[in-house]
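Architecture at a glance
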Amino acid sequence: MFEELQSQIRRINQVEMAYWSEYDFLSVRWWAIVILSILFLLLLFMLIDRSRILHITVAFFVSFFLVGIVNELGYFFGLWSYPHQFIPSTKTMNAVDFITVPVILTLLYQYFSKWKYFLYANVIVFLFIGYVIVPLFVYFKFYILYNWNYTLSFITLLVVSILVKIIVDWIYKKSQAHRSFSSY
């Protein structure tokens, strides 16, 4: 049974690669993904607080990791799919999640350190993303929703942002405690 499963996975991967190389690679949508990713990386590079670069970089990687997990779970359970991808071998390398969402999460974390303002900012930003940006991505077929909706996108983004803050704050507090302890 396991060998049959692996055989089917290899076959599907070959079909997906053929689709990507024939219909997606270097297409207008593929270039849109590349340009969007580059623009958001540049935005992060220009706005990152250099006095806290390590701290904010950790926030970016935690964001990237959590968004990747959510994306993989949603794709695996058939909640959504991405017909156009930057790199076909990984579902996390796509228009919505590859760079844009982790950069947004990182900048929200950087600019709003107090929980109250962090939550307000996140609600506003993710309402806009959930009800304006995601529908645009659906309209332009970067994103196909199956058993999912815009409200669930908003809630998921909000939960992920809260997890990012909890995890990165915890890591930062542990590093500060270790730094204080080692200075004695």
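Right above here is the structure, for reference.
Please read all numbers here as calculations on a predicted model, not as lab measurements.

Analysis parameters
- Residues numbered from 1 in each chain as written.
- Predicted model: local features only at pLDDT ≥ 70, side-chain atom pairs only at ≥ 80, totals over all residues.
- Heavy atoms only, no water.
- Helix = DSSP H or I, 4+ residues; strand = E, 2+ residues; numbered from the N terminus.
- Core = buried A, V, L, I, M, F, W, Y, C linked by side-chain atoms within 4.5 Å.
- Buried < 20%, exposed > 50% of the residue type's maximum accessible area, 1.4 Å probe, protein only.
- Phe/Tyr/Trp six-rings, centres within 6.5 Å; stacked < 30°, edge-to-face > 60°.

So, unusual backbone geometry
In this structure, leucine 26 takes a positive phi of about 70° despite not being glycine. For leucine 26, the location among the structural elements is in the loop between helix H1 (2–24) and helix H2 (28–47).

Comments concerning the nonpolar core
Ranked by internal contacts, the top residues of the largest apolar core, which has 35 residues, are Val103, Leu105, Phe126, Tyr143 and Val164. When residues of this core are traced back to their parent elements, those giving at least two are H2, helix H3 (53–76), helix H4 (100–111), helix H5 (115–139) and helix H6 (150–182). At 7 residues, H4 tops the list of elements feeding residues into this core.

Details of the packing of aromatic side chains
Per the counting criterion, the structure on display carries 14 aromatic pairs. Relative to tyrosine 143, the ring of tyrosine 82 lies with its centre 5.2 Å away and its plane at 25°, an arrangement referred to as stacked. Residue tyrosine 82 is found in the loop between strand E1 (80–81) and H4, and its partner tyrosine 143 is found in the loop between H5 and strand E2 (144–145); the two are separated by 61 residues along the sequence. For the ring pair phenylalanine 137 and phenylalanine 142, a centre distance of 5.6 Å and an interplane angle of 45° mean the geometry is tilted.

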